[in-house]
Amino acid sequence: MRVTTGRLHGVVAMDGPSGTGKSTVSRRLAAACDAAYLDTGAMYRAITLAVLRAGLDGTEAEAEKVAVAAVGDLESVTDPAAPAILLAGEDVEAEIRGAAVTGAVSAVSAMPAVRSALVERQRALIEKAVATRGGIVVEGRDIGSVVVPDAPLKVYLTASEEVRAARREAQDRKAGRLADHGAVLADVRRRDRLDSTRKTSPLHAAPDALVLDTDHLSVDDVLTELLRLVEDRGMVT
Ligand code: DC
């Protein structure tokens, strides 16, 4: 596999639905080019956890207030070697990957006030990382379309529902969580529908994003392609 010794300058925007390998390749790309790494999905998940801990399920009017207030309690660690998300100082990485948060996160991330508060937070983190480290790989659903519309490289990863569900199942098993194929596939479909039909920043590829279908590509294949792209665009020196 091709490796680079260069350092990334600027922002790589990585978007796409879950199960496309986005997190793994984004993190590895950042590590390979000595850049920061930001998982914006973890931010939406941590806010959702705060809503659930307040005894709400994300569908109530009150949930929006709780969610927006929780944005102030978030801390993202952007080191690709040890990325972390803290909620009021507590590391919630494991808990935000569980079924309860996964079930409620689409409702919370559809709230306009939550999105604008988190987008503002994300832009500040990105600006800081570019100033201090030179470059950052940011993954999410709206990075190329909303958060950093002028990013010099935007990639949109896709894969079929079946492949994405199978990857999710493997991930769940590895993390010791129960995984039933039918239930995971149904959840992939439900989240796709909610994420791509919401009014504020629905999931879609930015017009200038490079769309990469990962059905038949391994993580190493995708990483090789990304390294080629950042080098070709003069983003590593
Ligand atoms: O990438 P993920 O599965 O951890 O994301 C969790 C949820 O957060 C996903 O259902 C959609 C939402 N999300 C979003 O709306 N915008 C982002 N930039 C990142 C995630």
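A quick note: this is a predicted structure, and the numbers were derived from the prediction, not measured. (Residues numbered from 1 in each chain as written. Predicted model: local features only at pLDDT ≥ 70, side-chain atom pairs only at ≥ 80, totals over all residues. Heavy atoms only, no water.)

Colleague: Please clarify how the overall build of the chain should be interpreted in this entry.
Modeller: The secondary structure content of the chain amounts to nine helices and eight strands. For the chain, the C-alpha radius of gyration of 17 Å lies close to 18 Å, the compact-globule estimate for 237 residues. Each of the three principal axes of the chain carries a C-alpha extent, and together these read 50 × 40 × 35 Å. Pairs at least 24 residues apart make up 78% of the contacts formed inside the chain by residues separated by at least 6 positions. Positive and negative side-chain charges in the chain, numbering 30 and 35 respectively, have mean positions lying 1 Å apart. (Helix = DSSP H or I, 4+ residues; strand = E, 2+ residues; numbered from the N terminus. Rg over C-alpha atoms; globule rule 2.2 N^0.38 Å. Contact = heavy atoms within 4.5 Å. Lys, Arg positive; Asp, Glu negative; His and termini not counted. Charge placed at Lys NZ, Arg CZ, Asp CG, Glu CD.)

Colleague: Please explain helix α8 (residues 181–197) as it appears in this structure.
Modeller: Each α-helix turn comprises 3.6 residues. Residues three or four places apart therefore point the same way. Helix length check: α8, at 17 residues, gives a terminal C-alpha distance of 24 Å against a target of 24 Å (1.5 Å per residue), a fit within 8%. Among the residues of α8, those classed as buried are V184, L185, D187, V188, R191, D192 and D195. Along α8, the residues classed as buried sweep out an arc of 160° about the axis, all on the same side. Exposed side of α8, more than 90 degrees from the buried face: R193 and T197 are the residues found there. Considering only its buried residues, α8 is in contact with α2 (40–53), α4 (99–109) and α7 (161–174). (Expected span 1.5 Å × (residues − 1). Buried < 20%, exposed > 50% of the residue type's maximum accessible area, 1.4 Å probe, protein only. Arc of directions from axis to C-beta.)

Colleague: What is the right way to look at the sheet that holds strand β2 (residues 36–39) in this model?
Modeller: Within a sheet, neighbouring strands are paired by backbone hydrogen bonds and run either parallel or antiparallel to one another. With parallel pairing, the five strands of this open sheet are ordered in space as β2-β6-β1-β7-β8. Either end of the sheet is taken by a strand with one partner, and the two such strands are β2 and β8 (210–213). Each adjacent strand pair in this sheet contributes to an overall mean axis angle of 20°, direction not counted. Two elements, strand β1 (residues 10–15) and strand β6 (residues 135–140), share six bridges in a ladder whose sense is parallel. (Pairing = 2+ DSSP bridges. Axes fitted to C-alpha atoms, helices over the stretch in contact; angles between N-to-C directions.)

Colleague: Before we go on, may I ask you to explain the site of the ligand in this structure?
Modeller: Around the ligand, 17 residues are found, and the nearest of them are R45, R115, R141, D142 and R198. Here a nitrogen atom of the ligand sits 3.0 Å away from a polar atom, N or O, in the side chain of T40. In isolation the ligand exposes 450 Å². Once the protein is present, 97% of that is buried. Of all the secondary structure elements, the ones that give two or more residues to the shell around the ligand are α2, α4 and α8. Of the residues contributing to the shell around the ligand, the split by class is two nonpolar, six polar and nine charged. (Near = heavy atom within 4 Å. Polar contact = N/O pair within 3.5 Å; in protein donor to acceptor, adjacent residues only side chain to side chain. Areas by Shrake-Rupley, 256 points an atom, 1.4 Å probe, with all protein chains shown as cover. Nonpolar A, V, L, I, M, F, W, Y, C, P; charged D, E, K, R; others polar.)

Colleague: Teacher, can you tell me more about the environment of P83 here?
Modeller: Within the fold, P83 resides in the loop between β3 (74–77) and β4 (84–87). Sequence separation between P83 and R27 is 56 residues; the distance between their C-alpha atoms is 8.7 Å. For P83, the contacting residues outside a window of four places in its chain are R27, Y37 and V77.

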